[in-house]
Amino acid sequence: MITFVTKFDTMENRLTKSAILATFLALMPASGFAQLYKNADAPVADRVADLMSRMTVEEKIWQLNQAGFGNNKNINNIGEKLKHIPPQIGSLIYTDDDVSLRNAMQWKAMEESRLGIPILFGYDVIHGYRTVYPISLAQACSWNTELAEAMSSVAAREAKSGGIDWTFSPMIDVARDPRWGRVAEGYGEDPYTNARFAIAAVKGYQGDTLSGEGNIAACLKHYIGYGASTGGRDYSCTEISDQALWDTYIPPYQAGVNAGAATVMSSFNDINGVPSTASRFLQTDILRGRLGFDGFVVSDWNAVEQLVSQGVAADRAQAAAMALNAGVDLDMGDNAYAENLAALLESGDVAMETIDRSVALILALKFRLGLFENPYTPELPVEKTMLQPAGRELALRLAEESMVLLKNKDGVLPLDKQLRIALIGPMAADKGHLLGSWSGHGRWEDVSSVLDGMKDRFGDKVKYSKGCDFDGDDTSLFAEAVAAASESDVIVLCLGEKREWSGENASRASIELPVIQKKLIKELHATGKPIVLVLTNGRPLVLTEEEPLCASILEMWQPGVEGGVATAAILSGDINPSGKLAMTFPRHVGQIPVFYCERPRARRDQGFYQDIPTEPLYDFAYGLSYTDYTYGDINISSNADGTYTATVAVTNTGNRDGLETVHWFVTDPVSSISRPAKELKFFEKKQIKKGATVVYSFEIDPIRDLAFVNSKGEPVLEKGRYILTVKDKIKTIEL
Ligand code: NOJ
């Protein structure tokens, strides 16, 4: 191999020399002494084949492993850290934001491994890298996939500048149990919503081409059914019928695969007793055979070894064989492939073709990303790459559009600028919790708190008092808060969950506000001043007790860096709220799971709870605005190609401009299998100026929108009547 760089070069020199080397190689003929795999103009498949023909079995096995790397801020330890990572390793989860550490490790791979195969650096860029955006569940409530795509694109650009080639996102696990902490990470309870946001995220991260500037590879996770974790307990088993698998859990993955997602992550849960990570049926037959996925599958963290805890493998070696044979190509974090594959090959428990197939898929992504040509990340000043004004502006818009106004009695909101406001609650001045879980390299200092936002809009009309902590039983701050409330015209009360109360490994049996926060509400209610409750949380909460005590409720979710500004903009009326729920809010934890698309009951007038109303507190797609919209009748026309066009005219009859999302639901009232009471098939958000009428339309493709999939995943379109619903308007289509 031609080496004309030295170990002691500065990174700048290394980058220049790499560029010269790449140009030199590109000019070389594809054969001769130049190695084909280094020729950027050769087809990826040829480069992969050439490289693999040069690799030893050991080198191949290293490609199938991923370890954690980073977080060691002590410069003197860097050498020490690198020492433990073999230069041939396939991938690293890079948790550091120091680009030079990544480059040093990549340097080792390029220069100290025999063939100079670059490492693929992955990281959990979930709702932003440095500029943190609203959590995914909140993004879904914006119903604005364009903003979600733009956000993923900014996150990709920042991540790429931070040395990341690949994100473990989007999470598209349909989730119907808010006790499961990871509902924060996905797009709610509906398959179609998850599918639309999956497409947006994949397009945003990957752009038009993976090697394009600022693009990174996406990863659909967690395949599949992880959101159905029993009782909302993380990492637990799942009971998923074949029908539910096809109806509910597969559609977002099909959409993400069709959008070109480069990778998929296997999930922790089992289906029919077979953990997804060991399921050839799921990972190969369905994912590749039926959905047409052609990228690689990474296990979730330690998911290979966990096959032992799940009781299907006797030891790590057997687990490694099961996972690889199932179709899991890259082992995240277990070291089980590295330790065992050579012996498993020898014993015949895994075949060389199986290893080769996985290696080829991983190398193909490295080529597609352009890592062989550009293995290093330019070390630019962070002021030039992170938290750029356009990215913050986008964070503001997404936060504004994702917040959901749940209650607004007597038009308490928006707040008049003359009002004296008592701003109370543990979340009011907080910054860190607004970031939510998996907040990349976001920093609390980057965040605008509600207090910051309110001071900006309302100046010294705002009097702040913390009131209490998030939990515990210290009531010593109550008196000051009550005094502040008594001297004000309105109370803005900021309560909710700490960021670590949702996300991974954050299941909760109670999803009510903690006792101390409830007590505070009651104390403040006793002052007689109207309460505007502003909530920050990563999951739907049970608000049944609080709802009657509050005049208004604004669900701000975990809104990211511009959360405080967005909240104040909504409270002041400068922004008209337009978010609608992507996940049902239960009235009681005993109702869970409760979601909009259940199949009809056997007795429609019986079977209700005897102790509480059966309906949830707030339905899927519910959300208020400061203006009013009137929906006209639905019109349907049939087209020559067998499709239909449905339209509905929506008029803004209030006195403010607004953004309105129209949700189109389909019901199949008589079918050979019982179908959901209604299913979301399309949504669209548009601006409607006050007094104006805007027409929304939905192109209905019968196979896509009216057919159902049976338990084998085959589409079935039956003759008969279908009902289209938009808000309170209904129209039937006869096939
Ligand atoms: C485990 C989580 O389940 C997964 O979502 C994440 O991407 C990996 N850890 C890596 O951090």
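Because the structure is predicted, anything quoted here is derived from the model rather than measured. Along each chain, residue indices are assigned from 1 in the same order as the chain's sequence is written. In keeping with the predicted nature of the model, local features appear solely for residues at pLDDT of at least 70, side-chain atom pairs appear and are counted solely at 80 or more, and the whole-chain, interface and lining totals rest on all residues. Where side-chain values are given, they derive from all heavy atoms of the structure, hydrogens and water being excluded.

A. Looking closely at the environment of Asn 335. Relative to the helices and strands, Asn 335 is located in the loop between β10 (331-332) and α13 (336-347). Looking at Asn 335, the relative accessible area reads 38%, which means it is partly exposed. For the pair Asn 335 and Asn 65, spaced 270 residues apart in sequence, the C-alpha to C-alpha distance is 6.6 Å. Any two residues whose heavy atoms approach within 4.5 Å at even a single point are treated as in contact. Ignoring anything within four residues of it in the chain, the contact list for Asn 335 reads Asn 65 and Arg 316. A run of H or I in DSSP becomes a helix once it reaches four residues, and a run of E becomes a strand once it reaches two; helices and strands are each numbered from the N terminus. In this scheme, a residue with accessible area under 20% of its type's maximum is buried, one over 50% is exposed, and one in between is partly exposed, where area comes from a 1.4 Å probe on protein chains only.

B. Spotlight on the layout of surface pockets. A 1.4 Å probe that fits but cannot get out identifies a cavity on a 1 Å grid over protein atoms alone, an open set with protein on both sides within 12 Å along at least five of seven lines counts as a pocket, and a residue lines either if it has an atom within 4 Å of a point. Grid points are joined across faces, edges and corners, and a volume is the space filled by probe spheres set on the points. For the second largest pocket, the calculated volume is near 1,000 Å³. Lining the second largest pocket are 43 residues, and of these Tyr 596, Pro 616, Asp 619, Phe 620 and Lys 678 lie nearest its centre. At six residues, strand β19 (residues 658-667) tops the list of elements feeding residues into the lining of the second largest pocket. The residue inventory of the lining of the second largest pocket, partitioned by class, reads 20 nonpolar, twelve polar and eleven charged. Put simply, Ala, Val, Leu, Ile, Met, Phe, Trp, Tyr, Cys and Pro go in the nonpolar bin, Asp, Glu, Lys and Arg in the charged bin, and everything else, Gly too, in the polar bin.

C. Representation of the site of the ligand in the model. Every residue near the ligand is listed here: Asp 124, Phe 168, Arg 182, Lys 221, His 222, Met 265, Phe 268, Asp 300, Trp 301, Met 332, Trp 438 and Glu 504. For the purposes of these results, a polar contact is taken to be a pair of N or O atoms within 3.5 Å, where, inside protein, one atom must be able to donate a hydrogen and its partner to accept one; residues adjacent in sequence count only when each atom of the pair is a side-chain atom. Contact between the ligand and Asp 124: an oxygen atom at 2.4 Å from a side-chain N or O atom of the residue. Between the ligand and the protein, one listed contact pairs an oxygen atom with a side-chain N or O atom of Asp 300 at 2.5 Å. Relative to its free-state accessible area of 290 Å², the ligand is covered by the protein chains to the extent of 93%. For the shell around the ligand, a count of residues per class yields six nonpolar, one polar and five charged. Here a residue counts as near a molecule or strand whenever at least one of its heavy atoms sits within 4 Å of it. Here, Shrake-Rupley sampling with a 1.4 Å probe gives the accessible areas, and only protein chains in the shown set may cover a residue.

D. Main features of the sheet that holds strand β21 (residues 693-700). By this definition, two strands are paired if DSSP reports at least two bridges between them. Strand order in this open sheet of three strands is β17-β18-β21, and the pairing throughout is antiparallel. Edge positions in the sheet fall to β17 (629-638) and β21, since each of these pairs with one other strand and no more. Ignoring which end each strand starts from, the neighbouring axes of this sheet average 20° apart. Here eight bridges tie β17 to strand β18 (residues 644-652), and the two strands are oriented antiparallel to one another. Within the sheet, the bridge partner assigned to Ile 636 lies in β18 and is Ala 646. Inter-axis angles, ranging from 0 to 180 degrees, are taken between N-to-C directions of lines fitted to C-alpha atoms, where helices are fitted over the stretch in contact.

E. Geometry of the nonpolar core. Here the nonpolar core consists of buried residues drawn from Ala, Val, Leu, Ile, Met, Phe, Trp, Tyr and Cys, with membership extended through side-chain atoms lying within 4.5 Å. Counting 193 residues, the largest nonpolar core has Leu 415, Met 454, Val 492 and Leu 493 as the members making the most contacts within it. Here the element with the most residues in this core is helix α14 (residues 352-368); it accounts for eight residues. Beyond its immediate chain neighbours, meaning those up to four positions away, Leu 415 contacts Ile 421, Met 454, Phe 458, Val 490, Val 492, Val 532, Leu 571 and Ser 572. Judged by nonpolar contacts, the second largest core, of 20 residues, contains Val 648, Val 662, Val 666 and Tyr 722.

F. Main features of empty space enclosed by the protein. Summed over all chains, the structure comprises five cavities of 30 Å³ or more. The space that makes up the second largest cavity amounts to roughly 40 Å³. Taken together, Met 55, Glu 59, Gln 63, Gln 88, Ser 113, Arg 114, Leu 115, Gly 116 and Ile 117 form the lining of the second largest cavity. For the lining of the second largest cavity, the per-class residue count stands at three nonpolar, four polar and two charged.

G. Representation of the sheet that holds β10 in the model. Taken together, five strands build an open sheet; the order of strands is β4-β3-β2-β1-β10 and the sheet is parallel. Where the open sheet ends on each side, the last strands, each with one partner, are β4 (166-167) and β10. As paired strands, strand β1 (residues 65-69) and strand β2 (residues 91-94) are joined by four bridges and run parallel to one another. Across the sheet, residue Phe 69 finds its bridge partner in β2, namely Tyr 94. With respect to the sheet, helix α5 (residues 99-112) is in contact with β1, β2 and β3 (120-123), its orientation differing from that of β2 by roughly 170°.

H. Representation of the environment of Asp 489. The topology assignment puts Asp 489 in the loop between α18 (478-486) and β14 (490-496). Not counting residues up to four positions away in its chain, the partners in contact with Asp 489 are Leu 419, Arg 420, Lys 529 and Pro 530. A distance of 2.6 Å separates the side chain of Asp 489 from the backbone nitrogen of Arg 420, its partner in a polar contact.

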